[in-house]
Amino acid sequence: REQVMGVFRSLIFLLSFRLLHVAKGSTVWLNKNGYEDLVVAINPQVPEDANIILNVMNMIKNASNYLFEMTKHRFFFKSVKIIIPKTWKKNINYSRLKTESYDKADVIIADPYIKHGDDPYTLQYGGCKEKGRYIHFTPNFLLNDKLANVYGEKGRVFVHEWAHYRWGVFDEYSSDMPFYVSRNSKAASVEATSCPAGVAGIPVFQDCSGDKCEPRSCRYDGQLYEKGCMFIPDIRQNIPCSVMYLQYVLSVVEFCDKNTHNSEAPNMQNKMCNHKSTWEVIMESDDFRNSTVVNASAPPSETTFRLLQTQDRAVALVLDVSGSMSMHDRIRHLRSAAEAFLLHIIEIGSWVAIVTFDSDASEKAPLQQITDDAARQKLVQCLSIIASGKTNICAGIRKGLKLIADKMNTTYGSEIVLLTDGEDSGIATCLDLVKQSGAKIHTIALGPLAAKELEEFSTLTGGLKLYAVDGAVHNKLTMTFSAITSGSGDISEQSIQLESKELLVQHSGWMNTTVPVDKTVGNDTFFSVAWSLSQPFFFLRDPKGKEHGSSDFMIDNSNPNTARLSISGTAEVGDWQFCIKNLHTATQAISVTATSRPAYSDVPPVSIAAHMNRANRAFNPVVVYAEVSQGFLPVLGATVIATIEKDGAAAVTLELLDNGAGADTMKNDGIYSRYFTSLQGTGRYSLKVNAHGRNTTARLSLKRNRALSLLGYRENGKIYMNAPRPKFADKEIKVKLGSFSRISTSSLVVNTGGDSAPIYPPCKVTDLHAHIENKTIVLSWTAPGGDLDNGKADHYIIKSSGNLLDLRNHFDHATSVNSSNLIPKEAGREESFKIKLEHFIIKNDTVIYFAIRAVDDTNLISEVSNIAQTTWFIPPKASVPLEYDGNNEGADSTVIVAIVAVCVTVVCTIVSSTLCVLQKRKGRVDFETMQ
């Protein structure tokens, strides 16, 4: 057996070395400096327009040339696949999908989350050097050539986003802090947040009344310019960098490197990557290590494209019915979960076949289309299954693929849902068949003894890797099946899980559960109650007070421990209340499940996507993520609870946070995160995340990691302003969602390397701030935990210095701040600490830097925090008043600059050794608005 498994693992390596999977499942791979199998997918809601395809091709062709130049003749795009939605007309030039899908695409073309929101962006969950989830472009960005005035040439924008997505670098500008007090020279000065430092340009403020805007020079507000002041760069720069700041400037053909990096700037690149330049981060990537410089002036080959079109979904359920499935009521739970999948989860119009396997495989139902409820019921009748025999996984896979091929004449683009609880020494025998089939295999491991090699089928084909622990009732397995929805991007028919809850209820005890149905869902809504021993008393009350008793629910004789109720039409918006009483003489497990579908085809529902993976950072901790959104609009203010289970271990519950601290990369981006520190050895872990909100408002949170839009530019002393970005009406910024609840599931296989319970230090503080208030320096930050961002630290070490580099690189030798009376709070709480100014010598241009480390009760110490800066700085008087001609009409104005000496906070960075020094132009300028 060990020899067979050794051969199997070798085959896995040979067949999967190309699959550089990120959390989402990208299959892009580097082939002799060229990126292969980049997938671009068009959302089914996008109206058909051949120019979208043409413009995507031109964008990536141009991007390939730019990328080659910007990476110093190292990378280019070799092959691209474009997924055409099923809603577009068929074309003989479109091939059939294999394992590619919209939900695994590297680039998504979809309408924006708000009106006029055409900013290209990359969704990034993780930290520095961690790959992104996807790049998003709008159809209007691709079709409207005028937007080149705003973002620059499309190919240059693509390279900017690719750097986010592929190499985990971040923006070098800052919308939150466009200016900062710099100490690059002997005297402090206000500079634009940029890379490199000293980019040529001018600060401008636009006074707008209605559609008419009158530019003027910026006034000081304290040490910095007033809120709303923007930096207008010169369109002609004497610098070659940087792609992550000025991608629209034609002279920019490089990333900032060690020599040109502005490590002072308060931007995300410095915050997330410890003040390293973007090129240094790229040089540390696997791509860079596995490539060499190409001795040519252009990419070795042009980008090739294949057009693929989504087809009807074809799924074969391949279900283990071997003897071990009789244990722990698994066979009964499997029938209940498969029934729920067929009746309520898989989308209308899909094709389904059913195969069971033990020592051999049996056809239970040939591939047939789900056209109505009768077709669903017909498939359910084929689920009469009995557990016996041994486990032959490959026999089941072969039979499933055959049933699909018999009907579709191909297995390309099809799916197999493979469930097993046992091992099979012959798994390697069908590995090549699976690879050649073009089918995606979703695996469900049930219980603790499922084959350890099972997930390799999913790894090779891009399928889901799922795991369910044994339970007293079937809801955990049903919840796992509910994750297997269509990956086509058409959410209008997708099943959405509203609730899945299981409790042990004592004799005569009650289980009362509220399930909110919000206005974005309500079609095909169903509720179910399941019990482990005997039927309880229960009823369901709708938002109008109508009660549905047990007689209104359907109980199938073949599935006597589950009662289901389907709501006709669209379910009433509001709270649906379950009241359940255990009438059994002993304690029993009772569960409640609720699912629905979107209420409207053109209004995206609130959704949640849960993920769990090892982070590419110190200690390789497991991070739990949950993205809560409505379409592409982040939903803020939700309560998000994660439950992690492993066979033989107690369940662990975590509240995920969107606070920009600990595991959470960015505050208020709709991605809720937390470290999972309670590992119980090597094995599979299942994840359930519940997001809920009471009378919640979805608030617009502009996407981070996006290409900088050009507000205007200066050329030959004349300023040209783009039309102002739309100020969104309040109704467009906030969406009243009411109360909602969502469930998402995922799983992760963890190898702890023999360390059954890893020990973690406190996490790094990433949001340290400082300001001066009444002759007192006030430090504030979010408390880390004793184990990363869980629990609480034992004490803090706070240091100060007049030299940023010394504090960053020699923290232990810096001046200590007495914080012995500061007792750390629980992780996630806000901390504040005051230091009297009398301990420091203060004069104009004085800068004091602070950093902090947290220590746990075993003396494990966190990384050094970000560095906070306090500055006593009096801005200089304007040496030359800014004059302008309003719209070239010759009306001169002189702006008097108000100067106020106030100390403010700057989150700062390390000063680099070499900076690009640029000459700023002063004097008379003209303004012109571009339409």
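The rules behind the values
- Residues numbered from 1 in each chain as written.
- Predicted model: local features only at pLDDT ≥ 70, side-chain atom pairs only at ≥ 80, totals over all residues.
- Heavy atoms only, no water.
- Helix = DSSP H or I, 4+ residues; strand = E, 2+ residues; numbered from the N terminus.
- Buried < 20%, exposed > 50% of the residue type's maximum accessible area, 1.4 Å probe, protein only.
- Contact = heavy atoms within 4.5 Å.
- Patch = residues over 30% accessible without salt bridge, like charges linked within 9 Å, V, L, I, M, F, W, Y side chains within 5 Å.
- Areas by Shrake-Rupley, 256 points an atom, 1.4 Å probe, with all protein chains shown as cover.
- Salt bridge = Lys/Arg side-chain N within 4 Å of Asp/Glu carboxyl O.
- Axes fitted to C-alpha atoms, helices over the stretch in contact; angles between N-to-C directions.
- Parallel < 35°, antiparallel > 145°, perpendicular 65-115°, else oblique.
- Left-handed = near helix turned anticlockwise from the far one by under 90°.
- Nonpolar A, V, L, I, M, F, W, Y, C, P; charged D, E, K, R; others polar.
- Core = buried A, V, L, I, M, F, W, Y, C linked by side-chain atoms within 4.5 Å.
- Polar contact = N/O pair within 3.5 Å; in protein donor to acceptor, adjacent residues only side chain to side chain.
- Disulfide = S-S within 2.5 Å.
- Pairing = 2+ DSSP bridges.
- Phe/Tyr/Trp six-rings, centres within 6.5 Å; stacked < 30°, edge-to-face > 60°.
- Lys NZ or Arg CZ within 6 Å of the ring centre and 35° of its normal.

Caption draft 1: Region of interest: the overall build of the protein. A count of helical and extended segments in the protein gives 16 helices and 52 strands. Considering the protein as a whole, with its 931 residues, one finds that 59% of them fall into the buried category. Residue pairs in contact within the protein that sit at least 24 positions apart in sequence constitute 76% of those at least 6 positions apart.

Caption draft 2: Examining a nonpolar patch on the surface more closely. Nonpolar side chains collect at one region of the surface, where Trp510, Phe537 and Leu583 lie side by side and expose about 320 Å² of accessible area between them. Residue placement: Phe537 occurs in strand β27 (residues 537-541).

Caption draft 3: Looking closely at the packing of helix α2 (residues 50-70) against helix α5 (residues 154-167). The N-to-C vectors of α2 and α5 enclose an angle of 65°; their axes lie 8 Å apart at closest approach. Between α2 and α5, the crossing angle belongs to the class labelled roughly perpendicular. You can see that α2 and α5 cross each other, and the crossing is right-handed. Counted together, Met59, Ile60, Asn62, Ala63, Tyr66, Leu67 and Met70 of α2 and Lys154, Gly155, Arg156, Phe158, Val159, Trp162 and Trp167 of α5 form the full contact between these two elements. Tallied by class, residues from the contact of α2 with α5 come to 10 nonpolar, 2 polar and 2 charged.

Caption draft 4: Focus on the nonpolar core. Among the nonpolar cores identified, the biggest contains 81 residues, and Ile60, Ile82, Phe158, Trp162, Trp167 and Phe255 are the most heavily contacted of them. Counting residues per element, this core draws most heavily on α2, which supplies 9 residues. Grouped together as the second largest cluster of nonpolar side chains are 50 residues, Val635, Leu654, Phe740 and Leu788 included.

Caption draft 5: Highlighting the side chain of Ser741. Inspection of the secondary structure assignment puts Ser741 in strand β42 (residues 734-750). A residue is classified by how much of its surface remains accessible, and Ser741, at 4% relative accessible area, is buried. Reaching out from Ser741, the side chain makes a polar contact with the backbone oxygen of Leu498 at a distance of 2.8 Å. A distance of 3.3 Å separates a polar atom in the side chain of Ser741 from a polar atom in the side chain of Asn690.

Caption draft 6: Representation of the pattern of salt bridges. Counted under the stated rule, the structure contains 30 salt bridges. One salt bridge in this structure joins Lys476 and Glu645, with 3.0 Å as the shortest N-O distance. Placement of Lys476 in helix α14 (residues 475-481) and of Glu645 in strand β36 (residues 639-646) is noted, with a sequence separation of 169 residues between them. Like Lys476, the residue Glu645 is buried in the burial classification.

Caption draft 7: Structural detail: the side chain of Asn559. Examined against the element boundaries, Asn559 turns out to sit in strand β30 (residues 559-566). When residues no more than four places from it in sequence are discounted, the contact partners of Asn559 are Arg335, Ser336, Glu339 and Arg564.

Caption draft 8: View of the state of the cysteines. Enumeration according to the criterion identifies 5 disulfides in this entry. In this model Cys218 forms its disulfide with Cys229; the gap between the sulfur atoms is 2.0 Å. Between Cys218 and Cys229, the disulfide has an S-S torsion of 95° and is therefore right-handed. Of the two residues, Cys218 sits in the loop between β13 (212-217) and β14 (220-221) while Cys229 sits in the loop between β15 (224-225) and β16 (230-233), which places them 11 residues apart along the sequence.

Caption draft 9: Seen up close, the pairing of strand β48 (residues 846-855). A large share of β48 lies buried, amounting to 10 of its 10 residues. Taking every second residue as pointing to the same face, both faces of β48 are buried, with Thr846, Ile848, Phe850, Ile852 and Ala854 on one and Val847, Tyr849, Ala851, Arg853 and Val855 on the other. As paired strands, strand β45 (residues 795-801) and β48 are joined by 7 bridges and run antiparallel to one another. Its bridge partner being in β48, His795 is matched across the sheet by Val855. When β48 meets strand β49 (residues 867-872), the two strands line up antiparallel, connected through 5 bridges. If you follow Ile848 over to β49, its bridge partner there is Thr870.

Caption draft 10: Structural detail: the sheet that holds strand β44 (residues 776-782). In space, the 3 strands of this open sheet follow the order β43-β44-β47, with antiparallel pairing throughout. Pairing within the sheet leaves two strands with one partner each, and these edge strands are β43 (769-773) and β47 (830-836). The mean angle between the axes of side-by-side strands here comes to 25°, regardless of whether they run parallel or antiparallel. Looking at chain direction, β43 and β44 are connected through 5 bridges and run antiparallel. Counted as the bridge partner of His771 is Val778 from β44.

Caption draft 11: Region of interest: the sheet that holds strand β25 (residues 510-517). Taken together, 4 strands build an open sheet; the order of strands is β25-β31-β27-β28 and the sheet is antiparallel. In this open sheet, the two strands that pair with only one neighbour each are β25 and β28 (547-549). The mean angle between the axes of side-by-side strands here comes to 20°, regardless of whether they run parallel or antiparallel. With 8 bridges connecting them, β25 and strand β31 (residues 574-581) associate as antiparallel partners. Bridge pairing links Pro516 to Asp575 in β31.

Caption draft 12: The packing of aromatic side chains, seen in detail. In the structure shown here, the tally under the stated rule is 30 aromatic pairs. Where Tyr134 meets Phe632, the ring centres are 6.4 Å apart and the plane angle is 75°; that geometry is what we call edge-to-face. Taken together, the residues Tyr134 in strand β9 (residues 134-137) and Phe632 in the loop between β34 (622-630) and β35 (633-634) connect sequence positions 498 residues apart. When its relative accessible area of 14% is taken as the criterion, Phe632 is described as buried. Looking at Arg133, its charged tip hangs above the ring of Tyr125, at a distance of 4.9 Å from the centre. The positively charged end of Arg156 is found above the aromatic ring belonging to Tyr66, 5.2 Å away from the centroid.

Caption draft 13: Representation of the pairing of strand β37 (residues 649-656) within the structure. When β36 meets β37, the two strands line up antiparallel, connected through 6 bridges. Within β37, the residue paired with Thr643 across the bridge is Thr653. Where β36 folds back onto β37 in an antiparallel hairpin, the turn is made up of 2 residues, including Gly648, whose phi is positive at roughly 85°.

Caption draft 14: Seen up close, the environment of Arg694. With respect to the element layout, Arg694 can be found in strand β39 (residues 683-699). Considering only alpha carbons, one finds Arg694 and Gly738, 44 residues apart in sequence, at a separation of 6.3 Å. Filtering out sequence-adjacent residues up to four positions away, Arg694 remains in contact with Thr514, Pro516, Asp575, Gly738 and Ser739. Side-chain polar atoms of Arg694 contact the side chain of Asp575, separated by 2.9 Å.

Caption draft 15: Highlighting unusual backbone geometry. The omega torsion across Cys195 and Pro196 is 5°, close enough to zero to call that bond cis. Its location among the elements puts Pro196 in the loop between β11 (189-192) and β12 (201-209). Going from Cys241 to Ser242, the amide bond is cis rather than trans, its omega being 20°. Within the element layout of this structure, Ser242 appears in the loop between β16 and α6 (268-272). One non-glycine residue, Asn274, lies in the positive phi region at around 55°. Checked against the element boundaries, Asn274 lands in the loop between α6 and α7 (278-283). Look at Asn274 and you get partly exposed, because its relative accessible area is 33%. Phi at Ser508 is positive, roughly 70°, even though this residue is not glycine. The class of Ser508 is partly exposed, set by a relative accessible area of 35%.

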